[in-house]
Amino acid sequence: SENILLFGIDEDHQVTRTTIAALLSLIISYRQKGIDAQIKVIDCGNDEDADYLHILDCLEDKGLCQIIERRERASELKKLAESIANENAIPTILVIIGQERFRELKLNLEIKDTTESDVQSDSADGMVNVFAGLDFSSSSSGNGKQIDVSNFEKAMRYILENGPEQGVHTVLQIDKPSKLLFQEFVSSKVVFSMFKHIVMLRSEEKTAMTLGLSDDIRLEDLSSEQERLRAYYYSEEDDSYQLF
């Protein structure tokens, strides 16, 4: 339940592979509990030779997940946020791999209304755009609840903050938690308000300090070797740390 944050230095895709392992575990758990959930994956990695890609492709081929293409990211996030607002969301696991390379989120691009996209498409086909100059990027979600998902940051924040109550859970993988949603300042309070489960692999020195973690947690000393991979798991529910 809730959201899961995984972070650390991802030199050899250690954090990404751990994220894939968490995804596989969630798939098994949901199937055992009889929960029919949709799993949507936004992969922001740029390594076409990465060893985890064949696992994602296999999961998609078996119908166990959907890899969201770049051109579909805006509409998928908008649709997901609006379904949460209208309390008719389908149980969903949203997986974001490599948030620091999520270009649309980094640039905080505008998420335009579907109507505007249709109008622009007609205009490209040679039809006169009689709506030129009008702003269609409305905050409304049809006849439902009014929410502001006019850009990527607002849509992602809404999903993270409100999704779990409607069965929409986010698994987000990032290098540094201080880069969460590309905000200028990310406090530990913000991180823990959005994520109840945190998996921490080897990280830069002082990362634990910025999150206000225990002095005994030295993330920079964790092994990142495949045979001796180490990670701390933090559960907000009982405020405890466990070394894996």
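Residues numbered from 1 in each chain as written. Predicted model: local features only at pLDDT ≥ 70, side-chain atom pairs only at ≥ 80, totals over all residues. Heavy atoms only, no water.

Before going further, it helps to examine the side chain of His13. Tracing the chain through its elements places His13 in the loop between strand S1 (4-7) and helix H1 (14-32). Polar side-chain contacts of His13 include one of 3.1 Å to the side chain of Asp47. His13 has contacts with Asp47, Ala50 and Tyr52, leaving out every residue within four places of it along the chain. (Helix = DSSP H or I, 4+ residues; strand = E, 2+ residues; numbered from the N terminus. Polar contact = N/O pair within 3.5 Å; in protein donor to acceptor, adjacent residues only side chain to side chain. Contact = heavy atoms within 4.5 Å.)

Let us look at the packing of aromatic side chains. The description of an aromatic ring pair rests on the distance of the ring centres and on the angle between the ring planes. Scanning the entire structure with this criterion turns up four aromatic pairs. Ring centres of Phe102 and Phe152 lie 5.9 Å apart, and the angle between their planes is 75 degrees; this geometry places the pair in the edge-to-face category. Here the residue Phe102 occupies a position in the loop between strand S4 (92-97) and helix H4 (103-106), and Phe152 occupies one in helix H6 (residues 152-162), the gap between them amounting to 50 residues. The same class applies to Phe102 and to Phe152, which are both buried. Put simply, the rings of Phe192, Tyr234 and Tyr241 pair up and form one aromatic cluster. Between Arg73 and the ring centre of Phe102, over which it is positioned, the NZ or CZ distance is 5.3 Å. (Phe/Tyr/Trp six-rings, centres within 6.5 Å; stacked < 30°, edge-to-face > 60°. Buried < 20%, exposed > 50% of the residue type's maximum accessible area, 1.4 Å probe, protein only. Lys NZ or Arg CZ within 6 Å of the ring centre and 35° of its normal.)

Turning next to the sheet that holds strand S7 (residues 232-235). Strand order in the open sheet formed by eight strands is S3-S2-S4-S5-S1-S6-S7-S8, and the pairing between neighbours is mixed. Looking along the sheet, the strands with just one partner apiece sit at the ends: strand S3 (66-67) and strand S8 (240-243). Relative to S4, strand S2 (residues 38-43) runs parallel, the two sharing six bridges. Note that in S4 the partner of Gln38 across the bridge is Thr92. (Pairing = 2+ DSSP bridges.)

Moving on, we come to the nonpolar core. One finds Leu77, Ile198 and Leu219 to be the most contacted residues of the largest nonpolar core, which totals 44 residues. Elements that contribute at least two residues to this core include exactly S1, helix H3 (73-85), S4, H6, strand S5 (168-174), helix H7 (188-194), strand S6 (197-200) and S7. Looking at this core element by element, the count peaks at six residues for H6. Look past the residues within four positions of Leu77 in its chain and what remains in contact with it is Ile42, Leu94, Phe102, Phe152, Ala155, Met156 and Ile159. Within the second largest apolar cluster, 24 residues are counted, among which are Ile39, Ala50, Tyr52 and Ala231. (Core = buried A, V, L, I, M, F, W, Y, C linked by side-chain atoms within 4.5 Å.)

A few words on the confidence of the model for the protein chain. Segments scoring low in pLDDT should not have their predicted coordinates read at a detailed level. For the protein chain, per-residue confidence averages 87 on the pLDDT scale, and 87% of positions sit at 70 or higher. Across residues 115-142 the pLDDT falls below 50, and counting only partners more than four positions away or on other chains, this stretch makes 23 contacts in the model. (pLDDT = per-residue confidence, 0-100.)

Here the second largest pocket defines a volume of roughly 230 Å³. Every residue lining the second largest pocket is counted, 13 residues in all, and those nearest its centre are Ile4, Leu6, Ala22, Val199 and Tyr233. Only S1, H1 and S6 provide two or more residues apiece to the lining of the second largest pocket. Element by element, the count of residues in the lining of the second largest pocket is highest for H1, at five residues. (1 Å grid on protein atoms, 1.4 Å probe; cavity = no way out; pocket = protein on both sides within 12 Å on 5 of 7 lines; lining within 4 Å. Points joined across faces, edges and corners; volume = space filled by probe spheres on them.)

Judged by how many residues are buried, S4 sits mostly within the fold: six of six residues are covered. Residue alternation in S4 divides its side chains into two sets, Thr92, Leu94 and Ile96 and Ile93, Val95 and Ile97, and both sets are buried.

As a further point, take the pairing of S7. Note: S6 against S7, four bridges, orientation antiparallel. From the neighbouring strand, Met200 faces S7, where its bridge partner is Tyr232. Where S7 and S8 come together, four bridges link them in antiparallel fashion. Directly across from Tyr232, in S8, lies its bridge partner Leu243. Joining the antiparallel neighbours S7 and S8 is a turn of four residues, in which Asp239 adopts a positive phi near 50 degrees.

Here the focus is a negative patch on the surface. Taken together, the side chains of Glu2, Glu87, Glu165, Glu236, Glu237, Asp238 and Asp239 make up a negatively charged region of the molecular surface. If you trace the backbone, Glu2 turns up in the segment before S1. Relative accessible area serves as the criterion here: at 31%, Glu2 is assigned to the partly exposed category. (Patch = residues over 30% accessible without salt bridge, like charges linked within 9 Å, V, L, I, M, F, W, Y side chains within 5 Å. Areas by Shrake-Rupley, 256 points an atom, 1.4 Å probe, with all protein chains shown as cover. Salt bridge = Lys/Arg side-chain N within 4 Å of Asp/Glu carboxyl O. Lys, Arg positive; Asp, Glu negative; His and termini not counted. Charge placed at Lys NZ, Arg CZ, Asp CG, Glu CD.)

Once that is clear, we can look at the pattern of salt bridges. Overall, the coordinates contain 13 salt bridges when judged by the stated rule. With a closest N to O distance of 2.8 Å, Asp148 and Lys154 form a salt bridge. Asp148 sits in the partly exposed class, given a relative accessible area of 32%. In this structure Lys154 comes out as partly exposed when scored by relative accessible area, which is 31%. By sharing partners, the salt bridges in this structure join Lys40, Glu76 and Lys79 into a single network.

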